[in-house]
Amino acid sequence: MSITLRWMHQLGPRVYKMCASPIQSAVQHQAGHPALFLDNCRQCEAHCRTPSRLFATKKTKGALDHITVTTSNGKFPLNHLGQVSMKSPQLILVNMTSFPEATVAVTEAIRESGMNLNPEVDGILIRVPIPKVTREHRENLAKLAKQITNKRKESLRKLRTNAIAQVRKSKDSVSEDTIRLLEKQIQQMMEDITADMDKHLLSKTKELLG
């Protein structure tokens, strides 16, 4: 179990790692080509957006994908530990056949997700009744959207810092003007992505709260 979970953990990196990989690769191999460098950097934007389905008032099985489960072997996406399916529009099932020992941890993660869900354990199955959409539930979803957006902004800030550090390491092979240009463009790109995240958050909040 522990070996398998550690291997799975390596396959499910956080947003920061997903974003950092293309940027670090671009800096190391393409620092002399700002346009190409930025094209690779923009790959991170898709990872930094929060899918709207996470905050939909009509739940689907994908609504649980963002939940992270803490186990004795580390943290893992819920859908890496259990098979999620829709039993009916009012019920989501999580089958824990592959990792039954993680059932308690998965149940707790669902309950504490801030989505107003009250999972019930039935052997290796976790039943997740879909609550009636109330004003309180909509407010909880809006808070969750803000929390996730803030976490991804923090990931972006770390990404920016590391990207600029990587650029500066290339000073022996790249001109100072190129380095300054890349730093400026990295900063601008991060500001643009942050503004886009704020725009999506505002839109989703208005959709939820009216």
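Scroll up to find the structure this text is about.
The following refers to the structure shown. Residue positions are counted from 1 within each chain, in the order its sequence is given. Selection of residues for local features in this predicted model requires a pLDDT of at least 70, selection of side-chain atom pairs for listing and counting requires 80 or more, and totals for whole chains, interfaces and linings are taken over all residues. The side-chain figures draw on all heavy atoms in the structure; neither hydrogens nor water molecules are used.

Put simply, DSSP H or I for four residues or longer makes a helix, DSSP E for two residues or longer makes a strand, and each gets a number counted from the N terminus. Looking only at helices and strands, the chain has eight helices and six strands in total. Helices (α) and strands (β) of the chain occur, in sequence order from the N terminus, as α-α-α-α-β-β-α-β-β-α-β-β-α-α. Per-residue burial over the chain gives 40% buried out of 210 residues. For the chain, the exposed surface amounts to about 12,000 Å²; the carbon and sulfur share of it is 50%. Throughout this description, buried means an accessible area under 20% of the type-specific maximum (1.4 Å probe, protein chains only), exposed means over 50%, and partly exposed covers the range between. Only the protein chains shown count as cover for residues, and all accessible areas are computed by the Shrake-Rupley method using a 1.4 Å probe.

What follows deals with the pairing of strand S1 (residues 68-71). Burial along S1 is one-sided: the residues Val69 and Thr71 are buried and none of Thr68 and Thr70 is. The pairing of S1 with strand S2 (residues 74-77) spans four bridges and is antiparallel. Counted as the bridge partner of threonine 70 is lysine 75 from S2. Any two strands between which DSSP finds at least two bridges are classified as paired.

In contact at an axis separation of 10 Å, helix H7 (residues 135-168) and helix H8 (residues 176-209) are set at 175° when each is read in the N-to-C sense. On the basis of the axis angle, H7 is roughly antiparallel to H8. Along the lines of polarity and charge, the residues of the contact of H7 with H8 split into 17 nonpolar, four polar and eleven charged. Throughout, an axis means a line fitted to C-alpha atoms (over the contacting stretch in the case of helices), and angles, computed between N-to-C directions, take values from 0 to 180 degrees. Note on terminology: angles under 35 degrees are roughly parallel, angles over 145 are roughly antiparallel, angles of 65 to 115 are roughly perpendicular, and the others are oblique. In this count, Pro and Cys sit with the nonpolar residues alongside Ala, Val, Leu, Ile, Met, Phe, Trp and Tyr, while Asp, Glu, Lys and Arg are called charged and the others, Gly among them, polar.

Before going further, it helps to examine the sheet that holds strand S3 (residues 83-88). Within a sheet, each strand pairs with its neighbour through backbone hydrogen bonds, oriented either parallel or antiparallel. Taken in spatial order, the four strands of this open sheet run S3-S4-S6-S5, and their pairing is antiparallel. Looking at which strands have only one partner, the edges of the open sheet turn out to be S3 and strand S5 (120-122). Averaged over all pairs of adjacent strands, the angle between their axes in this sheet comes to 25°, without regard to strand direction. Examined bridge by bridge, S3 and strand S4 (residues 91-95) share five bridges and lie antiparallel to one another. Bridging across to S4, serine 88 finds its partner in leucine 91. Between two residues, a contact is recorded if the distance between any of their heavy atoms is within 4.5 Å. With respect to the sheet, helix H6 (residues 103-111) is in contact with S4, S5 and strand S6 (125-129), its orientation differing from that of S6 by roughly 10°.

Take the pattern of salt bridges next. By salt bridge we mean one thing: a side-chain nitrogen of Lys or Arg within 4 Å of a carboxyl oxygen of Asp or Glu. Within the structure shown, the criterion is met by eight salt bridges. As a salt-bridge pair, lysine 153 and aspartate 198 come within 2.5 Å of each other at their nearest N and O atoms. Of this pair, lysine 153 sits in helix H7 while aspartate 198 sits in helix H8, placing them 45 residues apart in sequence. Here lysine 153 falls in the buried class, since its relative accessible area comes to 17%.

Such coordinate-based values are descriptive only and should not be taken to indicate function.
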